[in-house]
Amino acid sequence: MELVINGNCEQLPDGINAVQLIEHLGLVNERLAMEVNEEIVPHSRFASHHFTAGDRIEIVRAIGGGQA
Amino acid sequence: MSSVMKTATPGTADPLMIDGVEYQSRLLVGTGKYKDMEQTRLAIEASGAEIITVAIRRTNIGQNADEPSLLDVLPPDRYTYLPNTAGCYNEADAVRTCRLARELLDGHNLVKLEVLGDEKTLFPDITQTLSAAETLIEDGFKVMVYTNDDPIIAKRLEDLGCVAVMPLAAPIGSGLGIRNPYNIRTIVENANVPILVDAGVGCASDSAIAMELGCDGVLMNTAIAGAQDPVLMASAMKKAIEAGRESFLAGRIPRKRFASASSPIDGTFF
């Protein structure tokens, strides 16, 4: 199925969950937060959250920044 | 708060209190614009800052190899992270950013809200800022808010429940210094929450002036990161903030038009 991850279309196995996606993307040890269709998916629900085709996923991190 | 003159003996504790938490440093710094992570780390250390702002952005997928992350270099157990809604031009984006930041930082709910009005000035969009502050406070966030140097709006943001109000001294990154000291002073005098100058300082003396006006602290990024020697400027800013604070607490002499001799007239032999 196709998912939109950080603005890019990606092909992933049907029914994949958030833990599997993080593994697939090589982000296992990264500190991150995830939003699916503009709703936050808490870390505690990663294993039970299964994606559906067309989901828009944002995976974010903290980076250097100050004002604006 | 700042409007109340208080005395302090040099070297004694004079903490900055934000939402009931004590900080020893009154200098808050951003973590953007540095040459590399090592320079970021050295400058932040030299600044003595305990609260550091960070931006929330997309994770680089497929290219994060072994590059050190900010959280490795500046561990969140040592610094208080202040996620910033940098780059947000409306309430919805700002609220979304804060919610992601809270999830990212395990429920940490202290945030810096800024909703920008336009790219040229980076002045705040006040109507969006007010409504975003209300939404975030309702949602349990502790909001430190970037605003303009308008005393009426500063008070309104305090009344909404912001834990600190942070007027600009001059446009973000401009280094123009305190352009409206009278308004900053009025904001400080009216306030019951900490007032921090956020944006516009260019050099150490600008920071000292902000503190002498009675501000509780200063938040800056470009003035340090953009200096020829950021680590040295970070150290200068630390001292200027401390000097300005002590100068404010000490109470300056009144300005007089003419001279006033320091030596006694009694005992002159000429």
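Our structure is the block above this text.
Residues numbered from 1 in each chain as written. Chains lettered and ligands numbered in written order. Predicted model: local features only at pLDDT ≥ 70, side-chain atom pairs only at ≥ 80, totals over all residues. Heavy atoms only, no water.

K.L.:
Can you walk me through the overall build of chain B in this structure?
P.N.:
Along the backbone of chain B there are nine helices and ten strands. Over its C-alpha atoms chain B spans a radius of gyration of 20 Å, differing by no more than 12% from the 18 Å that the globule rule assigns to 270 residues. Counting only C-alpha atoms, chain B reaches 85 × 40 × 35 Å along its principal axes. Per-residue burial over chain B gives 48% buried out of 270 residues. Considering only residue pairs separated by 6 or more positions, chain B has 66% of its internal contacts joining residues 24 or more positions apart. Accessible surface, chain B as shown: approximately 12,800 Å² in total, 51% of it carbon and sulfur. Taken together, the 25 basic and 35 acidic charged side chains of chain B have centroids lying 6 Å from each other. (Helix = DSSP H or I, 4+ residues; strand = E, 2+ residues; numbered from the N terminus. Rg over C-alpha atoms; globule rule 2.2 N^0.38 Å. Buried < 20%, exposed > 50% of the residue type's maximum accessible area, 1.4 Å probe, protein only. Contact = heavy atoms within 4.5 Å. Areas by Shrake-Rupley, 256 points an atom, 1.4 Å probe, with all protein chains shown as cover. Lys, Arg positive; Asp, Glu negative; His and termini not counted. Charge placed at Lys NZ, Arg CZ, Asp CG, Glu CD.)

K.L.:
I keep staring at the overall build of chain A and nothing clicks. Help me out?
P.N.:
When its secondary structure is counted, chain A shows one helix and five strands. Starting at the N terminus and walking to the C terminus, you meet the elements of chain A as β-β-α-β-β-β. Projected onto its principal axes, the C-alpha coordinates of chain A cover approximately 40 × 20 × 20 Å. With 68 residues in all, chain A has 46% of them scored as buried. When contacts within chain A are restricted to residue pairs at least 6 apart in sequence, those whose partners lie at least 24 apart make up 54%. Within the structure as shown, chain A displays about 3,300 Å² of accessible surface, and the carbon and sulfur contribution to it stands at 45%. Within chain A, the 10 negative side-chain charges are centred at a point lying 9 Å from the centre of the 4 positive side-chain charges.

K.L.:
What am I meant to see in the interface of chain A and chain B here?
P.N.:
If you look at the interface, chain A gives 28 residues, while chain B gives 37 residues. Where chain A packs against chain B, one counts four salt bridges. Note that Arg58 of chain B is salt-bridged to Glu58 of chain A, the shortest N-O span being 2.7 Å. The tally of links between chain A and chain B comes to twelve residue pairs in polar contact (both at pLDDT 80 or more). (Salt bridge = Lys/Arg side-chain N within 4 Å of Asp/Glu carboxyl O. Polar contact = N/O pair within 3.5 Å; in protein donor to acceptor, adjacent residues only side chain to side chain.)

K.L.:
Explanation requested: the packing of helix 3 (residues 91-104) of chain B against helix 4 (residues 126-138) of chain B in the structure shown.
P.N.:
Residues and elements named next belong to chain B. Helix 4 packs onto helix 3 with a crossing angle of 35° between their chain directions and a minimal axis gap of 9 Å. The crossing of helix 3 and helix 4 is right-handed. Of helix 4, the residues touching helix 3 (which contributes Glu91, Val95, Cys98 and Arg99) are Gln128, Ser131, Ala132, Thr135 and Leu136. Here the contact of helix 3 with helix 4 is composed, by residue class, of four nonpolar, three polar and two charged. (Axes fitted to C-alpha atoms, helices over the stretch in contact; angles between N-to-C directions. Left-handed = near helix turned anticlockwise from the far one by under 90°. Nonpolar A, V, L, I, M, F, W, Y, C, P; charged D, E, K, R; others polar.)

K.L.:
Quick question: what am I supposed to make of helix 9 (residues 230-250) of chain B here?
P.N.:
Structurally, the α-helix is built with 3.6 residues per turn, so residues lying three or four positions apart point the same way. Its 21 residues give helix 9 of chain B an end-to-end C-alpha distance of 30 Å, which sits within 8% of 30 Å, the value for a rise of 1.5 Å per residue. The first or second residue beyond helix 9 of chain B is Gly251 of chain B, which carries a positive phi of 80°. (Expected span 1.5 Å × (residues − 1).)

K.L.:
What is the right way to look at the environment of Met233 of chain B in this model?
P.N.:
Along the polypeptide, Met233 of chain B turns up in helix 9. Those residues in contact with Met233 of chain B, other than ones at most four positions away along the chain, are Gly202, Ala223, Ile224 and Ala227 of chain B.

K.L.:
So what exactly am I meant to see when it comes to the environment of Arg252 of chain B here?
P.N.:
Residue and element names in this part refer to chain B. Tracing the sequence through the fold places Arg252 in the segment after helix 9. With relative accessibility at 51%, the residue Arg252 sits in the exposed group. Separated by 40 residues in the primary sequence, Arg252 and Glu212 place their C-alpha atoms 8.9 Å from one another.

K.L.:
Please explain the pairing of strand 3 (residues 33-36) of chain A as it appears in this structure.
P.N.:
Successive side chains on a regular strand alternate, one facing one side of the sheet and the next facing the other. Residue and element names in this part refer to chain A. Residues of strand 3 alternate between two faces, with Ala33 and Glu35 on one and Met34 and Val36 on the opposite face, all of them buried. In this sheet, strand 5 (residues 56-64) lies alongside strand 3 in antiparallel orientation, the contact comprising four bridges. Counterpart to Met34 in the pairing with strand 5 is Ile59. Judged from the three bridges that link them, strand 3 and strand 4 (residues 39-41) form a sheet pairing that is antiparallel. Bridging across to strand 4, Val36 finds its partner in Glu39. With antiparallel pairing between neighbouring strands as the criterion, strand 3 and strand 4 make up a hairpin whose turn holds two residues, including Asn37 at a positive phi of roughly 50°. (Pairing = 2+ DSSP bridges.)

Worth remembering: the numbers are spatial, not functional.
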